[in-house]
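Notes for the structure review
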Amino acid sequence: IKLFLSKEAVLSTHLYEYPALMLSLLHSFDEVYYGQFVSLYMKRVFFIDESGPPLGHMILALGGYLGDFDGNFVWNRIGAEYTSNVPVWTLRLIPALCGSLCVPLGYLLVVELGYSHFTALGASLLLLMENSLIVQSRFMLLDSVLIFFLLLAVVSYLRFHKHLCCFSSLWKWLWLFLSGTSCAFAVGVKYMGLFTYLLLLGLAAVHTWHVIGDKTLCNVMLVQVVVRFLVLVVMPALLYLGFFYVHLILLYRSGPHDQMMSSAFQASLEGGLSRITQGQPLEVAFGSQVTLRSASSKPLPCWLHSHKANYPIRYENGRGSSHQQQVTCYPFKDVNNWWIIKDPSRQSLVVSSPPRPVRHGDIIQLLHGMTSRFLNTHDVAAPMSPHSQEVTGYIDFNVSMPAQNLWRVDITNRESDRDVWKTILSEVQLIHVNTSAVLKLSGASLPDWGFRQLEVVGDKIYKGYQQSGVWNVEEHRYGKSHEQKERELELKSPTHDDISRNLTFMAKFIELQWKMLTVRNEESEHKYSSLPLEWITMDTNIAYWLHPSNNAQIHLIGNSVTWTLANLALFIYVLLFLTYLLRRRRKIEDIPEACWEQLVLAGVVCSGGWVVNYLPFFLMEKTLFLYHYLPALTFQILQIPVVVEHLYTHVLRSPSQHKAFGGVILAALCSVYFCYRIFSPLTYGQPELTSEELAALRWRDSWDILFRKR
């Protein structure tokens, strides 16, 4: 452990010995990504990161808090120098500490599986000399933190399971509590933690099933089952909610990601939309002036819009249009986004006294504030979506095309059939009275004649709840002006009347979690992205850092010998397991029952940990990198000493075989060490190597080693 900590301390030691290196050892690769979120935490600015839950970011932000980071740094370029206000040491402290603690946790895990301390020492040495794990723990990244919580969860559960008979032991339940907490923290750091959590739940379910069938525990069986469920299922769920609660408490200011959220969510943040909408009337009334925002944020958040431009008489494909005024969805705030809610039975365009609220089921007309055209749809094909109806601002060309501008208000989140349409809070479908079409954002972009704005259509085959067909009032005022000129000035003035509307935490959590799971940035091919099949044999690498003036550099490259041994150990384990399983089926027991159970448990934890942390990536449609493989690799490395001890104890019988196998083990450990030493310049960034020495380290043609031109 001291050796590993000293290796982790190399970073800080060298930073103090070489001040120039401290400036040049810059945010590398994903530090640019995570650093921007740390800055936003320091400034209490709201953001969304679809890559994972907020706990990991909060842990990194804790490092910034410990170093008195003010958040003032522009994380926009890999290789830019850190300024003096960025506490590099504290930002990287927690990942380094977690990476260091993974070594003793690996030792404890092997011991809890029932193997010898000598075997556990071998496991810790393999983790200690794994270059990829060292590199990943030296920067402001989350993978070492994730692996730490995964190992802690498994070790704690195995320790709990070992004390199964000691029902009254406080330590037993503390280990279970620590396991459940660690599972929650692992999932809270990265969604990848869910894979090991589900594996652990499956293992716990099997053990609980055995407890139910154990007649010696009949008096406490029910308590055992209930406590396990509460600690391993309910408590992690509550902790997960707690992470979001703290996240939303900390980030209370409006930020760059507001537009992805609903109007109600935006209005709950300090600044931004809340500053614009502060004081708006709550209840929408006949005569209200409103902007209508689409509940869908795909492809962009936008508002119902119209302008003084008509649809072309004929489109490029030869189809004709009504040549009436265009109605679109515009992704920017604009005065042409304002509409007036009109009562079809009255001519008045102002709010009466007292106001007459619009309720669910009411029939309304929507008058465009700046052009005085009614929102209309009819049996004419939409320009980009010919299966849907065209939506227009009605112009009477006296060509036997009467106005069809009546809309029924359908409040989808209503509490009663006479619910009042509320600003921001109500989600509304506008259903065309004549054709039953629903006003909907198609998502298609109009050509140049439509100024590349988004198409709005009337969908006659609309079924169920779709966000693209739901709208909410975002900005709102009670209209008072009768004349058009006065009304145009009124539309450009700020809103009034202070009304408070705060979302509950659960409403915020559900919306934020849904956005994180469904909103995806456009995936682009990255220079260092890779496929899961390339990870097993390490056919790829990632350049993390390059010195600005020489060949010193840091790469995510693993210990090739360890990776080869891990693959070999997995293959041997599967072969042993299948052989034993088939022979046991024929009532041939080559090893005692206790050894078989030990081997199965080790397989579930180590081989199962590799499977659940590796195979899901084949189903993911996202940009993947080599570091995604590290949790699976960690479990696979722990498989090596397990297989070695089993072969030594139960397969190889004679002293001569033991002696020869011991020599093989020693040679393998020496090879691991020499490989670690060979690649250490790419692990620690020094010493600087010549171009010839770097070329010699390119063991695979697919590795991208950087050479600086002299």
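Residues numbered from 1 in each chain as written. Predicted model: local features only at pLDDT ≥ 70, side-chain atom pairs only at ≥ 80, totals over all residues. Heavy atoms only, no water.

Cut-off, in case you're wondering: UniProt positions are given in the numbering used here, feature names are shortened, and annotations may be inferred rather than shown by experiment.
As annotated in an unreviewed UniProt entry, the protein chain is Protein O-mannosyl-transferase 1 from Pygocentrus nattereri. In UniProt, the protein chain has this text filed under Pathway (unreviewed entry): "Protein modification; protein glycosylation."

**Focus on the nonpolar core**
As a reminder, the rule being used: Only buried residues count toward a nonpolar core. Its members are Ala, Val, Leu, Ile, Met, Phe, Trp, Tyr and Cys residues joined through side-chain atoms within 4.5 Å. Partly exposed residues are those whose accessible area sits between 20% and 50% of the maximum for their type, while under 20% is buried and over 50% is exposed, using a 1.4 Å probe and protein chains only. Elements are defined by DSSP. Helices are runs of H or I of four residues or more, strands are runs of E of two residues or more, and each kind is numbered from the N terminus. Any pair of residues with heavy atoms lying within 4.5 Å of one another is described as a contacting pair.
Membership of the largest hydrophobic core comes to 144 residues, with the highest contact counts inside it found for Phe46, Leu109, Leu113, Tyr544 and Val605. For this core, the element with the most residues is helix α8 (residues 143-162), which contributes 14 residues. In this structure Leu109 touches Leu151, Val154, Val155, Leu158, Val605 and Leu638, once residues within four positions along its chain are discounted. Listed in part, the 27 residues of the second largest apolar core include Leu292, Trp339, Ile364 and Trp421.

**Focus on the pattern of salt bridges**
This is how the line gets drawn: Salt bridges are defined by distance alone: a side-chain nitrogen of Lys or Arg within 4 Å of a carboxyl oxygen of Asp or Glu.
The full count for this structure, using the stated rule, is 18 salt bridges. In this structure, Glu112 engages Lys162 in a salt bridge whose closest nitrogen and oxygen atoms are separated by 3.3 Å. One end of the pair, Glu112, is in helix α5 (residues 88-112); the other, Lys162, is in helix α8, with 50 residues separating them in the sequence. The residue Arg583 makes a salt bridge to Asp590 at a minimum N-O spacing of 2.6 Å. Using a relative accessible area of 33% as the deciding quantity, one classes Arg583 as partly exposed. The class for Asp590 is partly exposed, based on a relative accessible area of 31%.

**So, the environment of Leu109**
Inspection of the secondary structure assignment puts Leu109 in helix α5. For the pair formed by Leu109 and Ser124, sequence separation is 15 residues and the distance between their alpha carbons is 9.8 Å.

**Quick notes on the packing of aromatic side chains**
Under the convention used in this document: Between the rings of Phe, Tyr and Trp (Trp by its six-membered ring), a pair exists once the centres lie within 6.5 Å; its type follows the angle of the planes, with under 30 degrees stacked, over 60 edge-to-face, and the other angles tilted.
According to the stated counting rule, one finds 40 aromatic pairs in the structure shown. Arranged with centres 4.9 Å apart and planes meeting at 75 degrees, the rings of Phe73 and Trp75 form a pair that is edge-to-face. Summarising the burial analysis for this pair, Phe73 and Trp75 share the class buried. By way of ring pairs, the aromatic residues Phe195, Trp535, Trp563, Trp610, Tyr614, Phe617, Phe618 and Tyr629 are connected into one cluster.

**Side note on the pairing of strand β11 (residues 454-459)**
Short version of the rule: A strand pair is defined by DSSP finding two or more bridges across the two strands.
Burial of β11 is extensive: six of the six residues sit out of reach of the surface. Here strand β3 (residues 325-330) runs beside β11; their pairing, made up of two bridges, is antiparallel. The residue bridging Cys329 from the neighbouring strand is Leu454, located in β11. Pairing analysis gives two bridges linking strand β7 (residues 389-393) to β11, with the strands arranged antiparallel. Paired with Gln389 across the bridge in β11 is Gly458. Where strand β10 (residues 438-445) meets β11, five bridges bridge the pair, whose relative direction is antiparallel. Bridged to Leu439 within β11 is Gly458.

**Section: the state of the cysteines**
Convention followed: To count as a disulfide, a pair of cysteine sulfur atoms needs to be within 2.5 Å.
Summed over all chains, the structure comprises one disulfide. In this model Cys302 forms its disulfide with Cys329; the gap between the sulfur atoms is 2.2 Å. Across the disulfide from Cys302 to Cys329, rotation about the S-S bond amounts to roughly 90 degrees, and the bridge is consequently right-handed. Here Cys329 lies in strand β3 and Cys302 lies in the loop between β1 (288-294) and β2 (303-310), a separation of 27 residues in the sequence. An identical accessibility class is assigned to Cys302 and Cys329; each is buried.

**Some remarks on unusual backbone geometry**
In this chain, Ser353 is followed by Pro354 through a cis amide linkage whose omega measures 0 degrees. Here Pro354 shows up in the loop between β4 (338-342) and β5 (363-368). For the bond from Gln686 to Pro687, the omega torsion is 0 degrees, close enough to zero to count as cis. Located in the positive-phi region is Phe451, a residue other than glycine, with phi close to 60 degrees. Structurally, Phe451 is set in the loop between β10 and β11. A relative accessible area of 49% places Phe451 in the partly exposed class.

**Side note on the confidence of the model for the protein chain**
As a general rule, the predicted coordinates of low-pLDDT regions are not to be interpreted in detail. Applicable threshold: Per-residue confidence from the predictor is given as pLDDT, running between 0 and 100.
Summarising the model, the protein chain shows a mean pLDDT of 87, and 89% of its residues fall at 70 or more. Of the regions scoring below 50 in pLDDT, residues 1-25 engages in 41 contacts with residues more than four places distant in sequence or in other chains. Low confidence marks residues 496-500, where pLDDT is under 50. Its contacts with residues over four positions away, or in another chain, come to 14 contacts.

**Examining the environment of Gln389**
Heads up, the condition is: As used in this structure description, the phrase polar contact means that two N or O atoms lie within 3.5 Å; if the pair is within protein, one of them must be able to donate a hydrogen and the other to accept it, and residues adjacent in sequence are counted only when both atoms belong to side chains.
Tracing the backbone shows Gln389 in strand β7. C-alpha separation for the pair Gln389 and Leu439, spaced 50 residues apart in sequence, amounts to 9.4 Å. Those residues in contact with Gln389 that sit more than four places away from it in its chain are Thr377, His378, Asp379, Val380, Ala382, Thr435, Ala437, Val457, Gly458 and Lys460. At 3.1 Å, the side chain of Gln389 and the side chain of Thr377 are in polar contact.

**Here we look at the side chain of Lys515**
What counts, and what does not: Only four residue types enter the charge count: Lys and Arg as positive, Asp and Glu as negative, with His and the chain ends excluded.
Within the secondary structure, Lys515 is located in helix α15 (residues 505-518). One buried charge, Lys515, has no salt-bridge partner; the nearest side chain with opposite charge is Glu511, at 5.4 Å. From its side chain, Lys515 meets the backbone oxygen of Met260 in a polar contact 3.1 Å long. Ignoring any residue separated from it by four or fewer positions in sequence, one finds Lys515 in contact with Ile48, Met260, Met261, Ala295 and Ser297.

**So, the packing of helix α4 (residues 55-66) against helix α9 (residues 170-189)**
Definition in use: Here an axis means a line fitted to C-alpha atoms, over the contact stretch when the element is a helix, while the angle between two N-to-C directions is reported on a 0 to 180 degree scale. In this scheme, roughly parallel covers angles under 35 degrees and roughly antiparallel covers those over 145, while 65 to 115 is roughly perpendicular and the rest are oblique. Nonpolar residues are Ala, Val, Leu, Ile, Met, Phe, Trp, Tyr, Cys and Pro. Charged residues are Asp, Glu, Lys and Arg, and all others, Gly as well, are polar.
Following both chains from N to C, one finds α4 and α9 inclined at 90 degrees, their axes separated by 6 Å at the closest point. Taken as axis vectors, α4 and α9 run roughly perpendicular relative to one another. Touching Leu55, Gly56 and Ile59 of α4 are Phe185, Gly188 and Val189, all from α9. Within the contact of α4 with α9, the residues separate by chemical class into four nonpolar, two polar and no charged.

**A few points about the side chain of Thr208**
Within the secondary structure, Thr208 is located in helix α10 (residues 193-212). The class of Thr208 is buried, set by a relative accessible area of 12%. Here the side chain of Thr208 touches Ala204 through a polar contact of 2.6 Å, landing on its backbone oxygen. Every residue in contact with Thr208, bar those within four places of it in the chain, is listed here: Val225 and Arg228.

**Some remarks on helix α11 (residues 221-250)**
Every α-helical turn comprises 3.6 residues, leaving residues that sit three or four positions apart pointing alike. For clarity, the cut-off: What a helix should span is 1.5 Å times the count of its residues minus one. In this scheme, the bend at a residue equals the angle between the axes fitted to the seven residues that finish there and the seven that begin there.
For α11, which comprises 30 residues, the first-to-last C-alpha distance of 42 Å matches the rise-based estimate of 44 Å (1.5 Å per residue) to within 8%. Residue Leu230 marks the point of greatest curvature in α11, where the axis turns by about 35 degrees. Burial in α11 covers these residues: Gln224, Arg228, Val231, Leu232, Met235, Pro236, Tyr240, Phe243, Phe244, His247 and Leu248.

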